[in-house]
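Structural features, examined
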Number of protein chains: 2
Amino acid sequence: MFGDNSCPSPCNTLGFLQKNNSLEEKGRLAGQKNLLSCDNSDRDARFRRTETDFSNLFARDLLPAKNGEEPTIQFLLEVVDILTNYVKKTFDRSTKVLDFHHPHQLLEGMEGFNLELSDQPESLEQILVDCRDTLKYGVRTGHPRFFNQLSSGLDIIGLAGEWLTSTANTNMFTYEIAPVFVLMEQLTLKKMREMIGWPSGEGDGLFSPGGAISNMYSVMIARYKYFPEVKTKGMSAAPRLVLFTSEHSHYSIKKAGAALGFGTENVILLSTDERGRVIPADLEAKIIDAKQKGYVPLFVNATAGSTVYGAFDPINEIADICEKYNLWLHVDGAWGGGLLMSRKHRHKLSGIERANSVTWNPHKMMGVPLQCSAILVREKGILAGCNSMCAGYLFQPDKQYDVTYDTGDKAIQCGRHVDIFKFWLMWKAKGTIGFEQHIDKCLDLSQYLYNKIKNREGYEMVFDGVVKIHSSDLLFCHSHQVAPKIKAMMMESGTTMVGYQPQGNKVNFFRMVVSNPAATQSDIDFLIDEIERLGHDL
Amino acid sequence: MFGDNSCPSPCNTLGFLQKNNSLEEKGRLAGQKNLLSCDNSDRDARFRRTETDFSNLFARDLLPAKNGEEPTIQFLLEVVDILTNYVKKTFDRSTKVLDFHHPHQLLEGMEGFNLELSDQPESLEQILVDCRDTLKYGVRTGHPRFFNQLSSGLDIIGLAGEWLTSTANTNMFTYEIAPVFVLMEQLTLKKMREMIGWPSGEGDGLFSPGGAISNMYSVMIARYKYFPEVKTKGMSAAPRLVLFTSEHSHYSIKKAGAALGFGTENVILLSTDERGRVIPADLEAKIIDAKQKGYVPLFVNATAGSTVYGAFDPINEIADICEKYNLWLHVDGAWGGGLLMSRKHRHKLSGIERANSVTWNPHKMMGVPLQCSAILVREKGILAGCNSMCAGYLFQPDKQYDVTYDTGDKAIQCGRHVDIFKFWLMWKAKGTIGFEQHIDKCLDLSQYLYNKIKNREGYEMVFDGVVKIHSSDLLFCHSHQVAPKIKAMMMESGTTMVGYQPQGNKVNFFRMVVSNPAATQSDIDFLIDEIERLGHDL
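Remember, it's a predicted structure, so these values are computed and weren't measured experimentally.

Attention now goes to the interface of chain B and chain A. Chain B puts 181 residues into the contact, and the matching count from chain A is 181 residues. When chain B packs against chain A, the two sides together hide about 16,300 Å² of surface, and 65% of this comes from carbon and sulfur. Taken together, chain B and chain A are joined by 8 salt bridges. Run the count over chain B and chain A and you get 66 residue pairs in polar contact (both at pLDDT 80 or more). Considering each element in turn, the side of chain B that touches chain A owes the most residues, 16 residues, to helix H3 (residues 69–90) of chain B. Class assignment of the residues belonging to the side of chain B that touches chain A gives a composition of 99 nonpolar, 45 polar and 37 charged.

Counting 302 residues, the largest nonpolar core has A:Phe75 and B:Phe75 as its most contacted members. Excluding residues that lie within four positions of it along the chain, A:Phe75 makes contacts with A:Phe54, A:Leu62, A:Leu124, A:Ile127, A:Leu128, B:Ile156, B:Ile157 and B:Ala160.

Next up on the list: the packing of helix H14 (residues 420–454) of chain B against helix H16 (residues 521–535) of chain B. All names here are of chain B. It is the contact of H14 with H16, at a shortest axis distance of 10 Å, that shows an interaxial angle of 35°. In this structure, the crossing between H14 and H16 has a hand that is right-handed. Contacts from Leu445, Tyr448, Leu449, Lys452 and Ile453 of H14 reach H16 at Gln521, Ile524, Asp525 and Ile528. Residues that form the contact of H14 with H16 fall into these classes: 6 nonpolar, 1 polar and 2 charged.

Here we come to helix H15 (residues 482–493) of chain A. The end-to-end C-alpha separation of H15(A) is 16 Å, in line with the 16 Å expected for 12 residues at 1.5 Å each. Each element contacted by the buried residues of H15(A) is listed here: strand E10 (497–503), strand E11 (506–513) and helix H16 (521–535) of chain A.

Looking now at the sheet that holds strand E3 (residues 241–246) of chain B. Residues and elements named next belong to chain B. Strand order across the open sheet formed by 7 strands is E2-E8-E7-E6-E5-E3-E4, with mixed pairing between neighbours. Sheet topology places strand E2 (204–208) and strand E4 (267–270) at the edges, where each strand pairs with a single neighbour. Sheet twist, expressed as the average angle between the axes of neighbouring strands with direction ignored, equals 20°. As judged from the 4 bridges shared by strand E7 (residues 357–360) and strand E8 (residues 373–377), these two strands associate in the antiparallel manner. Within the sheet, the bridge partner assigned to Trp360 lies in E8 and is Ala374. Sheet strands in contact with helix H11 (residues 280–292) are E3, E4 and strand E5 (296–303), and its direction is about 150° off that of E4.

Turning next to the UniProt feature "modified residue: N6-(pyridoxal phosphate)lysine" (unreviewed entry) in chain A. All names here are of chain A. As annotated by UniProt and renumbered to match this structure, "modified residue: N6-(pyridoxal phosphate)lysine" (unreviewed entry) occupies Lys364. Following the sequence through the fold, Lys364 ends up in the loop between strand E7 (357–360) and strand E8 (373–377). Owing to a relative accessible area of 15%, Lys364 belongs among the buried residues under this scheme. Excluding anything up to four places from it in sequence, Lys364 contacts Leu150, Ser151, Ala334, Trp335 and Ser515.

The next subject is the sheet that holds E8(A). All names here are of chain A. Spatial strand order, E2-E8-E7-E6-E5-E3-E4: 7 strands in an open sheet with mixed pairing. Whereas interior strands pair on both sides, the edge strands pair on one side only; in this sheet they are strand E2 (204–208) and strand E4 (267–270). In this sheet, neighbouring strand axes are inclined to one another by 20° on average, regardless of whether the strands run parallel or antiparallel. As defined by bridge partners, E2 adjoins E8 across 5 bridges and the pair is classed as antiparallel. Pairing of Asp204 across the sheet is with Val377, part of E8. Those strands touched by helix H8 (residues 211–226) are E2, strand E3 (241–246), strand E5 (296–303), strand E6 (328–333), E7 and E8, and its axis lies near 175° from that of E6. The strands that helix H11 (residues 280–292) touches are E3, E4 and E5; relative to E4, the one it contacts most, it runs at about 150°.

Cut-offs applied
Residues numbered from 1 in each chain as written. Chains lettered and ligands numbered in written order. Predicted model: local features only at pLDDT ≥ 70, side-chain atom pairs only at ≥ 80, totals over all residues. Heavy atoms only, no water. Contact = heavy atoms within 4.5 Å. Buried area = accessible area lost by both parts, 1.4 Å probe. Salt bridge = Lys/Arg side-chain N within 4 Å of Asp/Glu carboxyl O. Polar contact = N/O pair within 3.5 Å; in protein donor to acceptor, adjacent residues only side chain to side chain. Helix = DSSP H or I, 4+ residues; strand = E, 2+ residues; numbered from the N terminus. Nonpolar A, V, L, I, M, F, W, Y, C, P; charged D, E, K, R; others polar. Core = buried A, V, L, I, M, F, W, Y, C linked by side-chain atoms within 4.5 Å. Buried < 20%, exposed > 50% of the residue type's maximum accessible area, 1.4 Å probe, protein only. Axes fitted to C-alpha atoms, helices over the stretch in contact; angles between N-to-C directions. Left-handed = near helix turned anticlockwise from the far one by under 90°. Expected span 1.5 Å × (residues − 1). Pairing = 2+ DSSP bridges. UniProt positions renumbered as here; feature names shortened; annotations may be inferred.

If you want it as structure tokens, here you go:
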């Protein structure tokens, strides 16, 4: 494909990239013109694919190498060809979700796909083959029948945003180095705070590398709020602090408890009702109990959209208790935060405006590419107070611009990836109403699935349908062994993907996640039929 | 540009994307063929740009929309056109490094570039303009005259790797969801451990969202090694622990001390020699002192390539002391780890094989796009021991494949971005020797700069040149105010970028970073002349 230059097409004769000099010249000409004009010289500045022999080209031949421009552009266009073909196939229901192989199979090497690294370089032809194979043996998380994770779907605007982000290849710590991205982050966080309902969208926040880190931030700043001396003196300066979170909450609260020096035993798990929602009376009882034992309650996490049941804790009732006992209220809306975009469904997070901090992952229900998670804080300045170390080489106070835009010292990270652009671009492209429509559609689909499953033989709902359906819905099969077996066959056949797990005293059941914008009712139908087909002979 | 369909070119007549059906058909045909063949149907499956009017197209018209394939491909190709033009300009010395504007200017809106988000969607034409403007007002971190940060350069293979990563849009927690990437991570980490010198490359590790988080991991696992009960019972189960690190070390060690509940006062700073290297005798004295005061020394961080001076602490001498007092030795090689790739320079990290853990950021000196940082650990299993919470919905023990490849529970994150692919692909494309050549070239350039500055009027070295030059080099001007003023003018003129800071009793000086593969001796010359030109009238 790459090695054969004997296949000229009329297009090639137009290829301005064939001569480096002419490219540079025309590029410069184009640079002087209005970007929105459409005249000949501008069209000339566009790339044209040429048949390139990559078998004798290596990384060292690309920019910044001398005469590296043409191979660079041609190589990138070849990669884009692979990627756009992958995008097309991702949305094509006649393709598989995955082509499963066991670890030992991939490690042994598949038809020229060798994962081992070596001292010597490989040709760009081989690199392109490696790119194809990497996609071939991966999982199409944007496939309409991929329901396996809370993050799914392949948003084209978000994808374009990520491509641009990696091309800009910069870092969020200072305005100096990321002026546009830093401002986008500030404006977007403000908009998110407005949707939470904090007055005028005031407050603080950051994008972090995921919901677990965002939740960790919430515990850190709660501790700093009540016991700021822990920053300098350590946990020995504080009494024995306890945190409260639902038995159904995400494990990151316990991870934060372990990492930050509280200890997992001091993360007290709250009982839930049959739908997986925290029972407020249990919270109050456990606060009183902890105080009687001499512990100091510090922090309560309310989950808005739990990981398995998709349950929404009653935030207002929890907030009442937090106010009564002067505790920090965090809402983990990593999964359910997206419902704030929907006028129809945002009531499920009613009371969130009373929270001191909120985790909200646009990379989950809102379909933003990974990673995109925000920690939002009602009190301004507390993130910086908690985390700043004032490194002189980054945060010089004597810069020529307003250094309040240098936000890096608020983070526990130093370098911080640009997670904002894809999200900002998606918001621009869809508008708030676009996100709203997506959320509403997901919840409609979830209702559709619920109605189908409810009375269907062979399926049983994990909990009763009296409570409202959320966008994570559940179904289960008859014995503990069935779900793993069906899942194994599903992986081998590659037709669809859905997760399973046990929970409490319930046996293994499937956890259906509807967040994929490509999924339709017919895909839901397919999943149900496929589970039956695969389970037929069990 | 986008609104005009009246510019047909011969190419358009070949555009198989103009009819959705024919695309699908040919795509399928192509899919049945050997990927490396070069026949007509295969060439037909390649994309062709067509003139598309994006002013009436919106995000909702893209895939998964019905008939969304053509606009999707055309939109992505238009974005790629913007990006490839940006790549070309990045390497063009006749362009600026940045086009500086103050925050208030960008916030007020620049010629149709409006950062505010709204309820209604914008056309794809506007989205493309937004992409252009975002790049226009940003900083070209890959420009040959960008010396401002430890991360610089724009590696084309790495860029292609990032584009693929965002297209795959998956998550590192399980083999199920990222089979190829999980294996690439394991193989690459093993290779890195081999270069550190741990027997057979055994051990453990993870890619984390940056060096600060990697360093935080090292403190967490050190604590878990000596006081595992802290995981469940919190810091109150341990004696008063102290950490040791250089006064020149990265601030993330102190941040970790604050976050993990040690307290910054229990992060004891070690004195350094004139070159910024830890004085081992000072470490031993401070260990003895801490013990006498009843504290328990736990952890020593040795820096391999300090942030400002580029200093390498004497690892072997520090390791001797750590062994004597039974302390965890961490080497923060975020910046200097890349030197392990160079047979000529790796001796600067001599003794690193004695470390218990190592931070190494390929996104710094090795030029891998952001983010790419590894925490490497000598003892296998301790990362999982420290961090695992065994969430049932992700880490089911009854899967059909070998679940030891489900590495997510080792992390403090849940979702974890795929940082490995771009690095793996660069390693494939360059080979170890390609990285070695890059490192050697950076250090040669640094020596070149040193020789030029040494005897030049108007400049003064921050420290004497008797010690070996590393890849971060320093120069400074005569009074505290000069560097900030020159930097301000440099930002306004946009011709080059270099950082400055004070350190200890030294006034503001420039910190020169040579890690950009595009930089040559002429760019070093340019920088020196430019600083003189800008400072001429001060």
